[in-house]
Amino acid sequence: MVSTKESRLVTLEEYIIQSQNRFPGATGELSQLLRDIGLAAKIISREVNKAGITNILGYDGSTNVHGESVKKLDLFADQQLISALDRSLITCMVISEENDGVVKLGSKGGKYIVYLDPLDGSSNIDVNVSIGSIFSVYMREPRFDPAVREEDALQAGVRQVAAGYVLYGSSTILAYTTGLGVSIFTLDPSIGEFILSDRGIKMPEHGAIYSINEGSYNSWDEGLKKYIKYCQEEDSETNRPYSARYIGSMVADIHRTLIKGGIFIYPHSKRYPKGKLRLMYECNPLSFIIEQAGGMATDGQTRIMELQPKAIHEQTPIYIGSKKNVQTVMEFLEEHA
Ligand code: AHM
Ligand code: MG
């Protein structure tokens, strides 16, 4: 029988406050920041769920900094997250996929810098497939000069103080880490609260799913081609052939990888010589989550979170997932380099 204590619902807000209380010197600012993101996530989730019945669905006609067409929901999510972060005066700047430069917020003295992918997988909006939001939080180095500068944001992923994602799927879930394991919350729309559904998540060491856009096969490196062939060969000991799953929303593909194990790959190719995915607001935060759950993430040579960024929107190849799967693909890459 489940005891009353175990069956009591814990909301995101409560959980964040409880976690903060474990650190007597904590100012509560990071907790506030996480709660602000939680609030924006609820508002975005509401709009995502009714996207098909409002005129918010579809292109707004403009292009973002990468020349990709922007959908209305992308802009809505961007605005909601930025204004939620601006409210509490603890974030000095935001870098978002939807904005070319840094967005300086009201609090110039705010000690946090937040990276956002407000709506990841936006090509899936029109077809009712899962999409997500990603966030990554850094602290600004204390300096005499109070001016907020873009270079303050160029920190390696190992310096993230928190990161997470929201997945708008069959239900809306929010996963985050502050470096003490991964916690997952599920939105109960009837009460408008994120409820704790799992904590201290550990992903499988090895998984039998590979996830990659195979349409680019012809322009992959030899090592990657050989690895994908290996995934498709029969071997009962390693559970091969693996299943192929590719949603096309990184958040959704990574969430599945976190829960079921396996590997997600977005390599460099002729079309994307540096890889497609963004280091600062896609790869670093999702690597932080996966590492906290016992997995691994690399660009093929270097741990993703140790890459020193040179630009806020830079791209990187990524191989991320269960430890054993990532180690195996790295062996293939090395052998055929
Ligand atoms: P977005 O943030 O503009 O939506 O783009 C990133 C998305 C990822 O979510 C996904 O993994 C990838 O692009 C899919 O790209 P492709 O269609 O080239 O496979
Ligand atoms: Mg994205």
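This is a predicted model, so every value here is computed, not measured.

A. Highlighting the sheet that holds strand E11 (residues 209–211). Reading across from one edge, E12-E11-E13-E15-E14 is the order of the five strands in this open sheet, with mixed pairing throughout. Every other strand in the sheet has two partners, leaving strand E12 (243–244) and strand E14 (296–298) as the edge strands with one partner each. Of the pairings in the sheet, the one linking E11 to E12 comprises two bridges and is parallel in character. Of the residues in E12, the one forming a bridge with Tyr210 is Ala244. Across the sheet, helix H7 (residues 279–292) lies against E14 and strand E15 (318–321), angled at about 30 degrees from E15, the strand it touches most.

B. Looking closely at helix H6 (residues 250–260). Within H6, nine of the 11 residues are buried, which leaves the element mostly enclosed by the surrounding structure. Among all positions of H6, only Met250, Val251, Ala252, Asp253, Ile254, His255, Arg256, Thr257 and Leu258 are buried.

C. How the structure looks around unusual backbone geometry. A cis amide bond, omega 5 degrees, links Arg240 with the succeeding residue Pro241. When you line up the elements, Pro241 lands in the loop between helix H5 (222–232) and E12. Residues other than glycine seldom take positive phi values, yet Leu89 does so here, at roughly 55 degrees. With respect to the helices, strands and loops of the structure, Leu89 is situated in the loop between helix H4 (72–87) and strand E3 (91–96). For Asn128, which is not glycine, the phi torsion reads 60 degrees and is therefore positive. With respect to the helices and strands, Asn128 occurs in the loop between strand E5 (112–120) and strand E6 (131–139).

D. Quick look at the nonpolar core. Core analysis: the largest hydrophobic core is formed by 91 residues, its most contacted members being Ile95, Val114, Leu174, Leu286, Ile289 and Ile320. If near-sequence neighbours (up to four positions away) are discounted, Leu174 is found in contact with Leu12, Gly38, Ala41, Gly164, Val166, Phe185 and Phe194.

E. How the structure looks around the packing of H5 against helix H8 (residues 323–335). Look at H5 against H8: their axes get within 8 Å of each other, and the N-to-C directions meet at 140 degrees. On the basis of their axis angle, the class for H5 and H8 is oblique. With respect to the hand of their crossing, H5 and H8 are arranged in right-handed fashion. Listed contacts from H8 to Gly223, Leu224, Lys226, Tyr227 and Tyr230 of H5 are Val329, Phe332, Leu333 and Glu335. For the contact of H5 with H8, a count of residues per class yields six nonpolar, one polar and two charged.

F. Highlighting the site of ligand 1. Around ligand 1, 12 residues are found, and the nearest of them are Asp120, Gly121, Ser122, Asn213 and Met250. Grouping the constituent residues of the shell around ligand 1 by class yields two nonpolar, five polar and five charged.

G. Quick look at the environment of Lys324. Along the chain, Lys324 turns up in helix H8. Each C-alpha atom of the pair Lys324 and Met296 lies 8.7 Å from the other, and the pair is 28 residues apart in sequence. If we skip the residues at most four places from it in the chain, Lys324 touches Glu205 and His206.

H. View of the sheet that holds strand E9 (residues 182–188). Strand order across the open sheet formed by eight strands is E4-E3-E5-E6-E7-E8-E9-E10, with mixed pairing between neighbours. The open sheet is flanked by strand E4 (103–104) and strand E10 (193–199), the only strands paired with a single partner. By the bridge criterion, six bridges tie E9 to E10 in an arrangement that is antiparallel. Bridge pairing in E10 links Leu187 to Phe194.

I. Representation of the packing of helix H3 (residues 29–49) against H4. Two numbers describe how H3 lies on H4: the axes approach to 9 Å, and their chain directions differ by 155 degrees. Here H3 is positioned roughly antiparallel relative to H4, judged by the angle of their axes. Here the hand of the crossing between H3 and H4 comes out right-handed. Residues Leu33, Asp36, Ile37, Leu39, Ala40, Ile43, Ile44, Glu47 and Val48 of H3 form the contact with H4, whose own contacting residues are Leu73, Phe76, Ala77, Gln80, Leu81, Ala84, Leu85 and Arg87. Residues that form the contact of H3 with H4 fall into these classes: 13 nonpolar, one polar and three charged.

J. Spatial organisation of the UniProt feature "binding site: Mg(2+) 1" (unreviewed entry) in the protein chain. Using the residue numbers shown here, the UniProt feature "binding site: Mg(2+) 1" (unreviewed entry) corresponds to Glu97, Asp117 and Leu119. Over a stretch of 23 residues, the named residues converge on one spot in the fold, their C-alpha atoms separated by at most 8.8 Å. As for its placement among the helices and strands, Glu97 is situated in the loop between E3 and E4. Residues in contact with Glu97, not counting those within four places in the same chain, are Asn64, Leu116, Asp117, Pro118, Arg278 and Tyr281. Relative to the assigned elements, Leu119 resides in strand E5. Under the C-beta neighbour-count criterion, Leu119 is labelled buried, with 30 such atoms within 10 Å. Setting aside residues no more than four positions away along its own chain, Leu119 makes contact with Leu73, Asp74, Ala77, Ile131 and Ser133.

Conventions used here
- Residues numbered from 1 in each chain as written.
- Chains lettered and ligands numbered in written order.
- Predicted model: local features only at pLDDT ≥ 70, side-chain atom pairs only at ≥ 80, totals over all residues.
- Pairing = 2+ DSSP bridges.
- Helix = DSSP H or I, 4+ residues; strand = E, 2+ residues; numbered from the N terminus.
- Contact = placed C-beta atoms within 7 Å.
- Axes fitted to C-alpha atoms, helices over the stretch in contact; angles between N-to-C directions.
- Buried ≥ 20, exposed ≤ 12 C-beta atoms within 10 Å, placed from the backbone.
- Core = buried A, V, L, I, M, F, W, Y, C linked by C-beta atoms within 7 Å.
- Parallel < 35°, antiparallel > 145°, perpendicular 65-115°, else oblique.
- Left-handed = near helix turned anticlockwise from the far one by under 90°.
- Nonpolar A, V, L, I, M, F, W, Y, C, P; charged D, E, K, R; others polar.
- Near = placed C-beta within 6 Å.
- UniProt positions renumbered as here; feature names shortened; annotations may be inferred.

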